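Coordinates in review
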Amino acid sequence: MMLADFLLLLLLTGGCTANSLEQPELLDDQLEKYQSSGEGGSTSNNSEQIELSDDYLYYFEDIAEDEVAFKIPCGYHDVINYLNLTTNKELYTTSRPVKNFKDITRVYLTMEIDDILDVREIDQTLVLSVWIYMGWKNSHIMWFPPDFCGLHHIVVPTELLWKPDLIIEEVTEKNKAPLSPYISVRWHGTVEATNNHVLVSTCRMQIYKFPFDIQSCRLSFKSALHNDKEIKFEAIVDTSEIEMMENQYEWLFINMTVAQKTVKQRTINDFKYNQSVIVYKITMKRQSVLYIANFILPILFFFCLDLASFLISDRGGEKLSFKVTVLLAVTVMQLILNDILPSSDRIPLIVVYCIGIFGLMMLNLMETILVMYLVEKDFAPQDNEANNDQSPSEDCEDKEGKDNIHNRGRGFKKCTDCVCDVSADEPPSQPLSVTIKVRIGLLDFPPGLLLQGSRSHLTEEFHTLEKVSDELRAVQETLNLVLNSRREEGKPGYWTRVTKRINKVFFIFYITVASVFLVVLFSAWTDAEHK
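Residue positions within a chain follow its written sequence, with the count starting from 1. Selection of residues for local features in this predicted model requires a pLDDT of at least 70, selection of side-chain atom pairs for listing and counting requires 80 or more, and totals for whole chains, interfaces and linings are taken over all residues. Derived side-chain values reflect all non-hydrogen atoms in the structure, with water molecules and hydrogen atoms excluded from consideration.

**Details of the environment of M205**
Runs of H or I in DSSP of at least four residues are treated as helices and runs of E of at least two as strands, each being numbered from the N terminus. Mapped onto the secondary structure, M205 falls in the loop between β6 (190-202) and β7 (214-223). Owing to a relative accessible area of 6%, M205 belongs among the buried residues under this scheme. Spatially, the C-alpha atom of M205 lies 8.4 Å from that of T125, the residues being 80 residues apart in sequence. Setting aside residues up to four positions removed in sequence, M205 forms contacts with V119, R120, E121, Q124, T125 and Q215. Relative accessibility under 20% of the residue-type maximum defines a buried residue, over 50% an exposed one, and the middle range a partly exposed one, all with a 1.4 Å probe and only protein chains included. When checking whether two residues touch, look at their non-hydrogen atoms; a contact exists if any pair is within 4.5 Å.

**Structural notes on the pattern of salt bridges**
By definition here, a salt bridge exists when the distance from a side-chain nitrogen of Lys or Arg to a carboxyl oxygen of Asp or Glu is within 4 Å. Per the counting criterion, the structure on display carries nine salt bridges. A salt bridge links R186 to E192, with the nearest nitrogen and oxygen atoms 3.6 Å apart. There is no split in this pair, since R186 and E192 are both buried. The partner of D213 in a salt bridge is R286, with the nearest N and O atoms 2.7 Å apart.

**Some thoughts on a positive patch on the surface**
Residues forming no salt bridge and having over 30% relative accessible area are the ones grouped into patches, like charges within 9 Å of each other and nonpolar side chains (Val, Leu, Ile, Met, Phe, Trp, Tyr) within 5 Å. To be clear on the numbers: accessible area is Shrake-Rupley with a 1.4 Å probe, and residue cover counts the displayed protein chains and nothing else. As used throughout, the charge tally considers Lys and Arg to be positive and Asp and Glu to be negative, leaving His and the chain termini uncounted. Just so you know, the charge point we use is NZ for Lys, CZ for Arg, CG for Asp and CD for Glu. Positive charge collects at one region of the surface, where R315, R497, K500 and R501 lie side by side. If you trace the backbone, R315 turns up in the loop between α7 (289-308) and α8 (318-340). On the basis of relative accessible area, R315 is assigned to the exposed category, the value being 53%.

**Brief notes about the nonpolar core**
Think of a nonpolar core as a cluster: buried Ala, Val, Leu, Ile, Met, Phe, Trp, Tyr and Cys residues, connected wherever their side-chain atoms sit within 4.5 Å. Within the largest apolar cluster, 76 residues are counted, with the highest numbers of intra-cluster contacts made by M111, W143, V156, L161, L219, F221 and Y353. Among the elements that line this core, the one with the most residues is helix α9 (residues 349-376), at eight residues. When sequence neighbours within four positions are dropped, the list of residues in contact with L219 reads M111, L128, I168, E170, L199, S201, I278, V279, Y280 and I282.

**A few points about the sheet that holds strand β8 (residues 231-235)**
Adjacent strands of a sheet form backbone hydrogen bonds with each other and so pair up, either parallel or antiparallel. Strands sit in the order β3-β5-β6-β2-β1-β8 across an open sheet of six strands; the sheet is mixed. Each edge of the sheet is formed by a strand with only one pairing partner; in this case those strands are β3 (153-157) and β8. Ignoring strand direction, the axes of neighbouring strands in this sheet form an average angle of 30°. A pair of strands is considered paired only if DSSP assigns at least 2 bridges between the two. Inter-axis angles, ranging from 0 to 180 degrees, are taken between N-to-C directions of lines fitted to C-alpha atoms, where helices are fitted over the stretch in contact.

**Some thoughts on unusual backbone geometry**
Going from F210 to P211, the amide bond is cis rather than trans, its omega being 0°. Relative to the helices and strands, P211 is located in the loop between β6 and β7. Positive phi outside glycine occurs at Q124, with the angle close to 55°. Judged by relative accessible area, which is 21%, Q124 ranks as partly exposed.

Laid out in structure tokens, this is it:
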């Protein structure tokens, strides 16, 4: 039975099985059908076409088991020697593997993310571990599997065949993962290359909502030199495998979208040409629990300590030193934040949070300095009064003694302008006019001067002195009012009572402003997280 089937096969193939260059018409029709479907711009899954072709091969698998009179080659080297991969390298490596230069080489590409290794905000870079698959058609490679015991694919070194000059525009560092030294070749000319890559790519970070931010990074695959008339990239996406990717570290993978587009490129000579590009957009969300526990809550605790400082007494320097220490702690947290976040055109909300807390604490510190200054004024007048009780009287006595000695030789006495030892709490014992009259009576007039003046002249002089004394009495009343107000301020505990009122008003103002600030800020953060 097997021999009859083999004879029927010889009849169908025209009796020629030794020469592999002459393919059967049935296989040629199938290959032409597959090539036309692949190069005609169809976006159907390439793997399904390959599987249909492989099913056709299974019909010939039993031929190797047949007892025939001649030997069929069954080794990988037989296929390599048949294709002349080792001796005819120029045909397979120097140019695109097409029979006509107008033919387009379609490169099927897919990428899967294995892990998000790192996101460096300060450098604005993304580190990914990805798996990349590429498949393309090589028109110079083809063999008939029944001639080689049903062998339908081989694995050869990568340097034996042409490969697309694939580049990723956003990558800034060389791939750190070793590339596979082999590629797979199928009997109908499809070449497949798979590699694991560790990509370090640029990613513009949107840090306004940090640490409740969502980042979107792009990876653009294209050819380094070929235009879209020579190489066209087509994406193969398996969304089920993308969604099942495990989340690692501090980032939560959301989704990945793929877009195929054509971009214009410009050369030095202002020559424009189009290129086929596949853009993968990766969206991920930061897991903010660590930043809440290590950054946001400690600053909030420092703010609570600042509020508790209102219970500390204003006397002494304990309150002031405590507030300065808390303020320095917030400054250290700001320095840590400066090492994490990159420069941005918008101030992040977490920076506003730190600056707002720092400003409230600084305002509280300034209020404490003012209160301590006012409290010290209650103790300063007592020391000043103790010094003033002795020094003015002594100076007045010295001055009066010198004036008496100086005026004794002139034959009359002169009144000094010193007021000696007058208490601020006791009113003057005599009116100012009486004092002036007494002063006038102390003057030594020459004998006979009063007898020569008329009585009317003395009366006018007396009225003039009365007017002067009335004016001086009004001035004295004004001075008494000023002294009474100063005396009220000089009472013990006056400024202490004032500072208590200041503390009460400032505490209400402080709580109101801080509450409004925190509510508005956390509302903005919450809205950003939902969006």
